[in-house]
Every structure is written in C-alpha cells, then in structure tokens.
Amino acid sequence: MHLQTEQGRGLCHLKVRARNGEGCWLQKEGKKERAVVDKVFFSRLAQILKIMVPRTFCKETGYLVLIAVMLVSRTYCDVWMIQNGTLIESGIIGRSRKDFKRYLLNFIAAMPLISLVNNFLKYGLNELKLCFRVRLTKYLYEEYLQSFTYYKMGNLDNRIANPDQLLTQDVEKFCNSVVDLYSNLSKGPASMMAYLVVSGLFLTRLRRPIGRMTITEQKYEGEYRYVNSRLITNSEEIAFYNGNKREKQTVHSVFRKLVEHLHNFILFRFSMGFIDNIIAKYLATVVGYLVVSRPFLDLSHPRHLKSTHSELLEDYYQSGRMLLRMSQALGRIVLAGREMTRLAGFTARITELMQVLKDLNHGKYERTMVSQQEKGIEGVQVIPLIPGAGEIIIADNIIKFDHVPLATPNGDILIRDLNFEVQSGANVLICGPNGCGKSSLFRVLGELWPLFGGRLTKPERGKLFYVPQRPYMTLGTLRDQVIYPDGREDQKRKGISDLVLKEYLDNVQLGHILEREGGWDSVQDWMDVLSGGEKQRMAMARLFYHKPQFAILDECTSAVSVDVEGYIYSHCRKYYLHMDGRGNYEFKQITEDTVEFGS
C-alpha cells in the first residue's frame, strides 16, 4: 500500500490492489490525456466499433453495405451527369436546339432515380446513426445498471462528474460523428452544380410537419434525460430498494419510445428528401441550364456571328463553376479533418466512461481519501483503511457488527470499533446528532459502502428493507408505488391481490388516495402529486408488502402526523443504539430510566 499526502491540504490518495474482486481505490496518475488523432484514438475507436457492429452479419452491416452500394451508385450517377451535362453544354455552345433538348430531357427523366439514390444514401446514414446509438446505449446501461454501479459512480468514485450527459448527449454525438466522418470521407467532391432556390413556399409547406416532429423529438429526448436524472438524484434510495432491474425497464421503455419516434422521423425525412432534391436541386439545375443557354442559343446576337468555339467556351466558364467545384472538394477535406478531431474528443469521453464502468463492476474505485494523520488525531492508532478488507457473512434473522470500523468512502472514521447484535423481532432505536453515522451505518448494512474491516453478519439484501426519510416514487401507476421495485407480474407471482394492497394503504391511513387518484392503474407524477407525509406513508406500505426480516427506518416519519408516528414508534422500544458524534457509542436495552433520546 502506498500513501502519498498532498502538502498543506490534508488529503491523500490511497492506492491498493484488488483482491478477489474486493473494492479498492486507484490513484489518479497525472492529467487527463488530450483528445488527439493518433494510434490511441484509432485503438479506442476500434474498441467501440466492436460494440456497435458486434457481428459480421447484423443490421448494422446491412446498412454499411447499403451505404457502400449507394455511394457507388451515386458515383455512377455523378459520372453520367458530368457526361450528360457536357453534352447539354455542347448543344448550347454548338447552338444545336435538337441536342440541347434531347440531353436536357434525358436529365429530367433521370432526376427521380438520382434523387432516390441520394435519399437511400441519407436513409442508410440516418438509420446507421440510430442503430449505433441503440447498440452503444444498451451496452453502457447494462454496465451502468448492473448491481449498484449507478450509485457507486456518484458516491464512491469521483472520476465521472456527469454520467447523465455522457449516457445521453455524448453517446448521440459520438454516433453521429462516426457516421458523418465515414460519409464525408467516402463521398468525395460529389457536388458539381450550385443550388438555385425555387418553389420556396411549396417546400416550406411540405416541411411544416418537421417542426412538430422536432418538438416531439426534443420532448422525448427531455423525458429520456429526465429518467436518467431521476436515477442519479435518487440513486441511494433505489440502491436500498434493490430497484436496478425496475429502473432498467423504465429507462429502456422511455428509450424505446424515443427510438420509435426517431424511426418515423427518418422515414418522413426520407420521403421529404426525395421531393426536396428534385425541386431544390435537380429542377434548379434544369432552370440553370435554361438560364445559361439563352444567350448562346440566341442566334440573332451579333457576338455569336463572329465568335469562335474557344471564345464561346471562355464565355461559358466565366461563371467559375470549376472553381466552385474545387472549393467544395477542399471544403470536404477540411470538414473531414475537423470531424475527426471532434470525434477524438467524443471517443475519449466514451472510452473513459466504459473504463470507469468496468472498474466499478470489478470492485475498483478511485477517490480522494482523507489522511487520519492530517486530521489532528494524536495518540490514537491509525487504522489502515482498505476497502473490502472486512468480511460479510450471509445469515438469516440476525444482524451483527463484529469489530467493524464505520468510515465514510473518503476515509473519515466515524466509529473505530463497532460491536452489537440484533436478532429478528427485536426493535432498535438508533439516535445521535447529525453526522454521527446513523445513515452511514445503514449504507454499510445495505452494502452500498465498502466494509473496511471486521465481520458483518446479515441476511441477503432481499430480506432487508430500507424506508428512507426521502422516499422514492417510481414512474408508473399507483400500484407500482406500493409494490416497488416489484412489477405487476411479481405481485401476481407472490399471490398478493389488489385488495391486500388496499389493506396496506389503510394501515398507513392512505386508503383514500385510491379513490382520489382514480384507481390502481392511474399514472401520475407521484413525486409531485403526493405530499411529503403521503410519500413517507407510502414507503411504509411498501414495507408491509415486502415483509422483510429486518426493516431499516431512516427518519421515515418526519413528515407524517404525530398520531401515526406514535403508532409506529410505540413498537420500537426494546433496544437503542446511541452515537455521540465523537466516535463513541453505546448499545443497551431501553428502560423507564432511558432519557438519551428525549421524548
């Protein structure tokens, strides 16, 4: 173990090696690498591409083939357009109305096919972006919602400050950037003619649904970010409820709704693009040929009576079309280089997120630790804090702390040697000032915080139930609030009817909300609809539903009425654990002479 203190700040990094999958903190090494286009970037990109294109024969491969075929087809279309355009220009310069009309009609006849090729290319690119996003998002959420990783990322590890943005915006931008880079490098200088704006009002009318669909898209994107934000805000409560599977279902449900809308949006833009290209691009080219041809096909013009072929060519190319084509080619090269640099930044962020998720799921954390020497604790033996050094023993109907140091994730010791035992059926009241370690004790008991030493004997997590001061209300029906984190199928499997759920609500004086909110299948934003006291009582109803061996009540009645609170705590009168906030505690039986926790 290597301990290195930062001078003058009282902080240190604790660096240890993981043993048997146990948690450890890793030391940060220097500054973060800059996002540059080098072999590291290509290695990272290849790693992510294996996730987005997992097999040789998959949907993503099909879209890659479609894009390749459309690029080849568009190349042939471009060559044909150059050849046909040259023939049109020859007809113009040679003053041949017959040739001009013939080749111009050929171009008009080919417009639908050329437009179809271009829009199939756009369709393939848009679908590939969405497919890449779906693959990468599902992979990251499988890691993020595995066990308590979503809690550990924000509370035990401090490398990632904004996982919500990484999981939503950055993933989307990364996938778009990959496909755009592929497109820009593959296209080459495809554009040959300038656009002429025609039929603007007609196109604007056709594009009206885009505004509405864009608003809907932003709404769904907002809902998607909102469920991620809820997950982060309420990570501790969800972790205590062991609700990661249920939250995964909620996230995937909202994401599927967004994906379905994006699919529909892509199809609309595909059909719209077909018409748009014909009117704004190819028909504009026809108009351009008609405008350019007028002075050359006007045989009565005096210059045409004496002009040579070379003079006519010089007049025709005075518009600078070749210069425009060259500038477009150079612009694509510059754009591709800029896109690759931008992609390097997204790749670095996504790779960092993947690495942190991998570390957390293997029990490795990185966090700044507090040095006990620098805290001014003199004359007291320093405890070596090694996350995972303690032993957790799974046993029914007992909770036992045996020489367990109670410490925060950053190494701040609250109680140096905690020892007490509670049998199932015994009621214990834990009291003490703020910051003494009451909630910290629950987090260690719920396996959210690492065990730094000693032995902890406890039932498995499903037989412990945590009722927090700030109850979490999930997205869904009124029934979902009572049975969380179970779903409807879990309730049926347990054989618990809605009538029994009603009894649970009656037990906590919440039976009236069933009629008030419109029944069990009513869907509301329950965090706003229910008052603070109603949310706390709803959490107590969940306790009755799950029937655990032990219930942990963390100031869960601060917002309920005095009579309900008195009813609940009238049963919690056998033992009490008192913490003084200075590292000392006592655990003993409650008697008539016990006055440590007042009334």
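Keep in mind that what you see is a predicted model, and the values were worked out from it rather than measured.

## Topic: the pairing of strand β7 (residues 398-407)
Point 1. Counting buried residues in β7 gives eight out of ten residues, a clear majority hidden from the surface.
Point 2. Two elements, β7 and strand β8 (residues 413-423), share seven bridges in a ladder whose sense is antiparallel. When the bridges of β8 are listed, Lys400 appears paired with Glu421.
Point 3. Here β7 hands over to β8 after five residues, with Gly411 in that stretch at a positive phi of 95°.
Point 4. One ladder, built from three bridges, connects β7 with strand β10 (residues 455-458); its direction is antiparallel. Opposite Lys400, over in β10, you have Thr457 as the bridge partner.

## Considerations on the pairing of strand β15 (residues 575-579)
Point 1. Burial analysis of β15 places four of its five residues in the buried class, the great majority of the element.
Point 2. Where β15 meets strand β16 (residues 585-589), five bridges bridge the pair, whose relative direction is antiparallel. Bridging across to β16, Tyr576 finds its partner in Lys588.
Point 3. Counting the residues that bridge the hairpin from β15 to β16 gives five residues, and of these Gly581 lies at a positive phi of roughly 85°.

## Digging into the sheet that holds strand β9 (residues 428-431)
Point 1. With mixed pairing, three strands are arranged side by side in an open sheet as β9-β15-β16. One side of each edge strand has no neighbouring strand; the edge strands of this open sheet are β9 and β16. Neighbour-to-neighbour, the strand axes of this sheet turn through a mean angle of 15°, independent of strand direction.

## As for the nonpolar core
One recurring pattern in soluble globular proteins is that nonpolar side chains are buried together.
Point 1. By size, the foremost hydrophobic cluster in this structure holds 123 residues, and its most contacted members are Leu136, Tyr144, Tyr150, Phe174, Phe401, Leu441 and Met538.
Point 2. If one sorts the elements of this core by residue count, helix α3 (residues 97-144) sits on top with 20 residues.
Point 3. Residues from two domains meet in this core; each of domain 1 (39-362) and domain 2 (391-589) gives at least three.
Point 4. With sequence-adjacent residues up to four places away left out, Tyr150 is seen in contact with Tyr144, Leu145, Leu231, Ser235, Ile238, Ala239 and Asn244.

## Focus on the pattern of salt bridges
Point 1. The tally for this structure, following the rule as stated, stands at 24 salt bridges.
Point 2. When the shortest N-O distance is used, the salt bridge between Asp170 and Arg349 registers 2.2 Å. Taken together, the positions of Asp170 in helix α5 (residues 163-187) and Arg349 in helix α12 (residues 321-361) put the pair 179 residues apart, joining distant regions of the chain.
Point 3. Assessed through its relative accessible area of 4%, Asp170 is described here as buried.
Point 4. Classification of Arg349 by relative accessible area gives partly exposed; the value is 30%.
Point 5. For Asp486, the salt bridge goes to Lys494, with nearest N and O atoms at 2.6 Å.

## Topic: helix α13 (residues 438-445)
Point 1. Of all eight residues in α13, seven are buried; the element is thus mostly enclosed.
Point 2. Among the residues of α13, those classed as buried are Lys438, Ser440, Leu441, Phe442, Arg443, Val444 and Leu445.
Point 3. Just beyond α13, the residue with positive phi is Glu447, at close to 65°.

## As for the UniProt feature "transmembrane region" (unreviewed entry) in the chain
Point 1. As annotated in UniProt, the feature "transmembrane region" (unreviewed entry) corresponds to residues 103-121 in the numbering used here.
Point 2. Within residues 103-121, the helical portion is 100% and the strand portion 0%, while the C-alpha atoms at the span's ends are 26 Å from each other.

## Quick word on the confidence of the model for the chain
Should pLDDT be low for a region, the predicted coordinates there are not to be read in detail.
Point 1. Considering every residue of the chain, the mean pLDDT works out to 76; 71% of them sit at 70 or more.
Point 2. Of all the helices and strands in the chain, strand β1 (residues 2-6) carries the lowest mean pLDDT, 30, while helix α14 (residues 478-483) carries the highest, 94.
Point 3. In this model residues 1-32 is a low-confidence stretch, pLDDT under 50, and it forms 83 contacts with partners more than four residues away in sequence or in other chains.
Point 4. Below pLDDT 50 for its whole length, residues 318-331 participates in eleven contacts with residues either more than four positions away or in separate chains.

Conventions adopted
Every chain is numbered on its own, with residues counted from 1 as its sequence reads. Given that this is a predicted model, residues contribute local features only at a pLDDT of at least 70 and side-chain atom pairs are listed and counted only at 80 or more, while totals for whole chains, interfaces and linings are drawn from all residues. Side-chain calculation: all heavy atoms of the structure are included, whereas hydrogens and water are not. With a 1.4 Å probe rolled over the protein chains alone, any residue whose accessible area is under 20% of its type maximum counts as buried; one over 50% counts as exposed, and the rest are partly exposed. The helix count covers DSSP runs of H or I at least four residues long, the strand count covers runs of E at least two residues long, and both are numbered beginning at the N terminus. Here a strand pair is declared whenever DSSP counts at least two bridges between the two strands. Helix axes are fitted only over the stretch in contact, all axes being lines through C-alpha atoms; the angle between N-to-C directions runs from 0 to 180 degrees. Residue types Ala, Val, Leu, Ile, Met, Phe, Trp, Tyr and Cys, when buried and joined through side-chain atoms within 4.5 Å, form a set referred to as a nonpolar core. Source of the domain bounds: an automatic or database domain assignment. Should any heavy atoms of two residues lie within 4.5 Å, those residues are counted as being in contact. A side-chain nitrogen of Lys or Arg and a carboxyl oxygen of Asp or Glu constitute a salt bridge if their distance falls within 4 Å. UniProt positions are given in the numbering used here, feature names are shortened, and annotations may be inferred rather than shown by experiment. Values of pLDDT, which run from 0 to 100, indicate the predictor's confidence residue by residue.

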